[in-house]
Amino acid sequence: MVNFHIEPTSKCTLECPLCDRTWFYETFKKRNLHEINIEHLVKFVGPNAQISMCGNNGDPIYHSRFHQLCKKLKDNNCALHIHTNGSAKTKAWWSKLNQILNKDDCITFAIDGLEDTNHLYRKNAKWNSIMNAIESLKERKFKMVWQFIPFKHNQHQILAAGQLSKELGFDEFKLLQSDRWLGKTELMPDREFVDSYYEHQEEVLISPKYSTDMEPYCIKNNEPSNQLYIDAEGDFYPCCWIGTYRYKFKHIFSPKQNKFNIKDSTLNGILQNTKVKDFFESTKQFTSAHECCKIQCGVKK
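What this report covers is the structure whose coordinates are included nearby. (Residues numbered from 1 in each chain as written. Predicted model: local features only at pLDDT ≥ 70, side-chain atom pairs only at ≥ 80, totals over all residues. Heavy atoms only, no water.)

Digging into the pairing of strand 6 (residues 172-175)
This is how it is decided: Paired strands, as defined in this entry, are two strands with at least two bridges between them according to DSSP. Under the DSSP-based scheme used, a helix requires at least four consecutive residues in state H or I and a strand at least two consecutive residues in state E, with every element numbered from the N terminus.
Sheet topology places strand 5 (residues 143-148) next to strand 6; 4 bridges connect them, and they run parallel. For V145, the partnering residue across the bridge sits in strand 6 and is E172.

Considering the pairing of strand 2 (residues 50-53)
Applicable threshold: Looking down the strands as they point away from the viewer, one classifies a crossover as right-handed if the path from the first strand across the helix to the second runs clockwise.
Note: strand 1 (residues 3-6) against strand 2, 4 bridges, orientation parallel. Bridge pairing in strand 2 places I6 opposite M53. Note on the crossover from strand 2 through helix 3 (residues 66-75) to strand 3 (residues 79-84): the handedness is right-handed.

With respect to the packing of helix 4 (residues 91-100) against helix 6 (residues 127-136)
Let me state the cut-off plainly: In this analysis, axes come from line fits to C-alpha atoms, helices being fitted only over the stretch in contact, and the angle between any two N-to-C directions falls in the range 0 to 180 degrees. Here a crossing is taken to be left-handed if its near helix is turned anticlockwise relative to the far helix by less than a right angle, and right-handed if that turn runs clockwise. Only heavy atoms matter for contacts: two residues are in contact if any of them lie within 4.5 Å across the pair. Under the convention adopted here, Pro, Cys and the residues Ala, Val, Leu, Ile, Met, Phe, Trp and Tyr are nonpolar, Asp, Glu, Lys and Arg are charged, and Gly plus all remaining residues are polar.
At a closest axis distance of 9 Å, the pairing of helix 4 and helix 6 adopts a crossing angle of 35 degrees. Judged by the twist between their axes, the crossing of helix 4 over helix 6 is right-handed. Counting all contacts with helix 4, which are made through K91, W94, S95 and N98, the residues of helix 6 involved are N132, A133 and S136. The residue makeup of the contact of helix 4 with helix 6, split by class, is 2 nonpolar, 4 polar and 1 charged.

Structural notes on the nonpolar core
Across soluble globular proteins, nonpolar side chains have a tendency to be buried as a group. Cut-off, in case you're wondering: Take the buried Ala, Val, Leu, Ile, Met, Phe, Trp, Tyr and Cys residues and link them wherever side-chain atoms come within 4.5 Å; each set so joined is a nonpolar core. In this scheme, a residue with accessible area under 20% of its type's maximum is buried, one over 50% is exposed, and one in between is partly exposed, where area comes from a 1.4 Å probe on protein chains only.
F4, I51 and F109 are the most contacted members of the largest nonpolar core, which totals 63 residues. In this structure I51 touches F4, I6, V45, L73, C78, A79, L80 and H81, once residues within four positions along its chain are discounted.

What follows is the structure in structure tokens.
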């Protein structure tokens, strides 16, 4: 069974400092807004797929037909894992989603702190609307997770947030060690909340002499191995890091190579395409050349 990582839309109400869409706006002073075509997507992924909805640039719940998207995927017996900041939707909207999902599904709420701190990184997040969403989902069949990224400004609230997650009826409180503070030292949490991979990340950023061999996790035997990424424009990539704005437009593909889109392809068609090998070879060269992928993709140490 193939797993998919899908970005339904590049729209979001938040302006998180290290989000790719924030970088794009600060760099080009414009938004690049897209929504995935539901019919193309459902046909492409087929039945019984494992689907994670978590965008590089947008939050899945802001797709204008999100309920219809989930309903069609569930009718195809797909299992859905929705990652969201949970803000700016009504109780009625969440109740309708609750009726679509079942025991095979999961919603992860990304809440980085309590009412007085969550908005410091997740800018524009509305605490009351997030609490309304959670209240609307107390009676449910699916799993619900609170994901908490530690920063300098919220690390003192980890225990309190964990306790609140139990009171609110979450099934799991997940502490996520992240690099969302890289380049912004005022956000960096204490060392105990930073994983050991940070030393490699720091070397990539500050040492011009540092080198490493790349072995992308997303590719095995010149084929995608897991979590195949489809962005809001319907473009297909071996993984989401290669689909970020910073690198998507940096000529990953030579003029002779294909760019694959779900509107005119099938999964089997992509994997059997004679140019797929070139596609993945370009990916390997690309990941070896850019700091983002050295930091985030598979590193052969």
